[in-house]
Amino acid sequence: MLYISTRGAADGKTFADIAFEGFARDGGLYVPENYPKFTSEDLALLRGRDFPSVALEVLRRFWTQIPVPDLWGLCRDAWQPANFGNGRDPFKAHDVAPIKWLHDGVGLYELSNGPTLTFDDFSLQFLKRLHAKHLGTEPENITLLGATTGDMGASAEYAFGDRRDTRVVMLSPKDRMSKFQSAQLYSNKDENVLNLEVEGTFDDCQELVYKLLEDEEFRKANKLGAVNSYLWARIAVQVACYFYAYIQATGAQNEQVVFCVPGGNFGNAFAGYVARAMGLPILRILVATNENDAMDRFLRTGVYSPRPASETIATSSPSMDISRAANFERFLFEVLGRNGVRVKELMKDLEEKGSFELTQQEFSKVRRSGLAAGTSNHANRLEIIESLNIEYATTIDPHTADCLYTGVYLHPVGVKTICFETVQAVKFPKMTMQATGKTVPLPDAFADIFEREQRKTTVAVDESRIREAVAAFASKPWA
């Protein structure tokens, strides 16, 4: 299996080669040259397996160059139950991603039980071990550059913070995270980590990261790699999450299910599209948005018109306060028949005009893609958080509340609907208190989270200043 760009380039790169390479040379994103298929018999053989075993079967089809025993070692070590011990049910401690069933066939898929209490741990624990093997073409010593709304940054810093051959530079938006998220991110003490607090929005941070990574000369000179959700390796792990949820939720081989995922950077949604293309019986993928609803509007109208970064609304589900979704280009490439020329045209319109509109024929393909969307607001989030607390003695975070609101109200009756829980409620105590009047106890590992010393450098939305800071940190002598 080799990888091509959403804008047409084909450089003969493997899964390992692009593990930390965010963009192809033409500015596009990497996708596999084809999608391997799972038959009903293949799915039957997955039943009864744990997450590492299921992930192995998915990933080995995307990474055909690695011997299966070597890939199994990466999967086994990344997804040990001991690494994902923050689940609700102690009787399911052996399971890294259990489903908690609610009423009417709606399931809460626990993907935030990892060491930093976010679903990003699934892919970043795998990437940490992949880089340690130096199996691709990335530099042996690498500086990973990323933008975060809080959770991914903490996960990446936890995964790579103890490594002597890796550095992490993370851009985050000032005053756009919860108190817990800020404390968790900025209290990292590892010398190979630099946190840049940007006086702007997440979209500003992400755009700055794009510019630096797309500058090939700068990227190579500073041995930079990507770490955000647009890495194909991270998408592939999320595809495995869909397969694992499906075999837990169903008993019959051809039983169809619905998934509901938070919108954010569109990585989870696109992973679902890929899983469906590979043969997983998915009836529909519901994309949940908050007040920053560009994706909801696109899936309803065919017009993609994200707000400018300066107009991105600060909401009570801040990790979804993203106007321009990083992985959306991949979806366009697939739904438009892998037409890289057309994708390039649309992305140029987005850059120059701030929006684009599909033709009627193109939009009809979107309507048949299996994706639909819903949106919710602060009051809706409070309603869902309160409801789960009363009915199930379960607390959820506001992003999962957005997801459940869409999943509960839009799922087809009689079809199992699996809603992704991507962050734990303890990170958003204000929302929990407002909705339920209760506090969420801090896990033992985070008992002193608010007393920890924080380290960060505050910078303006200034590309030249960011370049200087990144270059200075990346050029420090390696131990």
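Each chain carries its own residue numbering, running from 1 in the written order of its sequence. Residue-level local features of this predicted model are given only where pLDDT is at least 70; pairs of side-chain atoms are given and counted only at 80 or more, and the full residue set underlies all totals for whole chains, interfaces and linings. As a convention, hydrogens and water are excluded, and side-chain values are obtained from all of the structure's heavy atoms.

If you check an unreviewed UniProt entry, the chain appears there as Threonine synthase from Sutterella faecalis. Under Sequence similarities (unreviewed entry), UniProt gives the following word-for-word description of the chain: "Belongs to the threonine synthase family." In UniProt, the chain has this text filed under Cofactor (unreviewed entry): "pyridoxal 5'-phosphate". UniProt positions are given in the numbering used here, feature names are shortened, and annotations may be inferred rather than shown by experiment.

Every definition here rests on a 1 Å grid over the protein atoms only: cavities are sets of points where a 1.4 Å probe fits but cannot get out, pockets are open sets enclosed by protein on both sides within 12 Å along at least five of seven lines, and lining residues have some atom within 4 Å of a point. Grid points are joined across faces, edges and corners, and a volume is the space filled by probe spheres set on the points. Estimates place the volume of the largest pocket at around 740 Å³. As for the largest pocket, its lining consists of 39 residues, of which G22, F23, A24, L213 and E214 are closest to the centre. Each helix corresponds to a stretch of at least 4 residues labelled H or I by DSSP, and each strand to a stretch of at least 2 residues labelled E; elements are numbered beginning at the N terminus. Within the residue set of the lining of the largest pocket, elements represented by two or more residues are strand 2 (10-13), helix 7 (202-214), helix 8 (216-221), strand 9 (224-226), helix 12 (328-335) and helix 13 (340-353). The dominant element in the lining of the largest pocket, judged by the number of residues it contributes, is helix 7, at five residues. Any residue outside Ala, Val, Leu, Ile, Met, Phe, Trp, Tyr, Cys, Pro, Asp, Glu, Lys and Arg is labelled polar, Gly included; the first ten of those are nonpolar and the last four are charged. Grouping the amino acids of the lining of the largest pocket by side-chain chemistry returns 17 nonpolar, four polar and 18 charged.

This next bit is on unusual backbone geometry. One non-glycine residue, D104, lies in positive phi territory at about 55°. Mapped onto the secondary structure, D104 falls in the loop between strand 4 (99-101) and strand 5 (106-110).

With numbering aligned to this structure, UniProt lists the feature "domain: Threonine synthase N-terminal" (unreviewed entry) at residues 3-78. Measuring from the first to the last C-alpha atom of residues 3-78 gives 24 Å, for a span that is 39% helix and 13% strand.

Quick look at the sheet that holds strand 2 now. At least two bridges found by DSSP between two strands are what make those strands a pair. Spatial strand order, 2-1-3: three strands in an open sheet with antiparallel pairing. If you trace the sheet from one side to the other, it starts and ends with strand 2 and strand 3 (30-32), each paired once. Pairwise comparison of adjacent strand axes, ignoring direction, gives a mean angle of 35° for this sheet. Judged from the two bridges that link them, strand 1 (residues 3-5) and strand 2 form a sheet pairing that is antiparallel. Across the sheet, the residue bridging to I4 is A10, located in strand 2. Throughout, a contact is declared for two residues whenever any of their heavy atoms are within 4.5 Å. Here an angle of 0 to 180 degrees is reported between the N-to-C directions of two axes, which are lines fitted to C-alpha atoms, with helices fitted over the stretch in contact. The sheet contacts of helix 12 involve strand 1 and strand 3, and relative to strand 3 the element is tilted by about 45°.

To continue, consider the sheet that holds strand 4. Spatial strand order, 4-5-15-10-11-14: six strands in an open sheet with mixed pairing. Strand pairing shows two members of the sheet lacking a second neighbour, strand 4 and strand 14 (371-375), which therefore form its edges. The mean angle between the axes of side-by-side strands here comes to 25°, regardless of whether they run parallel or antiparallel. Taken together, the five bridges between strand 5 and strand 15 (residues 417-421) define a ladder with parallel strand orientation. Directly across from E110, in strand 15, lies its bridge partner E421. Sheet contacts for helix 10 (residues 267-277): strand 10 (257-262), strand 11 (282-289), strand 14 and strand 15; angle to strand 11, the most-contacted strand, approximately 175°.

Here helix 9 (residues 232-249) crosses helix 10 at 65°, and the two axes come no closer than 8 Å. Every pair of crossing elements has a handedness; the one defined by helix 9 and helix 10 is right-handed. Mapping the contact onto sequence places W232, I235, Q238, V239, Y242 and F243 in helix 9 and G267, N268, A269, F270, A271, G272, V274 and A275 in helix 10. Partitioning the contact of helix 9 with helix 10 into residue classes produces 10 nonpolar, four polar and no charged. Note: crossing handedness is left-handed where the near helix turns anticlockwise from the far helix by less than a right angle, and right-handed where it turns clockwise.

This part takes up the packing of aromatic side chains. Stacked, tilted and edge-to-face are the three classes assigned to paired rings of Phe, Tyr and Trp, where Trp is represented by its six-membered ring and a pair needs centres within 6.5 Å; plane angles under 30 degrees give stacked, over 60 edge-to-face, the rest tilted. One pass over the full model with this rule turns up 32 aromatic pairs. Ring centres of F270 and Y273 lie 6.1 Å apart, and the angle between their planes is 20°; this geometry places the pair in the stacked category. Taken together, the residues span about one helical turn, with F270 and Y273 both in helix 10 at a distance of three residues. A relative accessible area of 0% places F270 in the buried class. In this scheme, a residue with accessible area under 20% of its type's maximum is buried, one over 50% is exposed, and one in between is partly exposed, where area comes from a 1.4 Å probe on protein chains only. Residue class for Y273 comes out buried when judged on its relative accessible area of 14%. On the numbers, 6.4 Å between centres and 25° between planes, the contact of F328 with F331 is stacked. You can see F328 and its partner F331 sitting in helix 12, three residues apart, about one turn around the helix. Exposure remark for F331: the relative accessible area of 0% places this residue in the buried category. Site record: aromatic cluster; members linked through ring pairs are F266, F270, Y273, F298, Y304, F328, F331 and F356. Working rule: Lys NZ or Arg CZ, within 6 Å of ring centre, within 35 degrees of ring normal, means a charge sits over the ring. Lying over the aromatic face of F450, K179 brings its terminal NZ or CZ to 5.0 Å of the ring centre.

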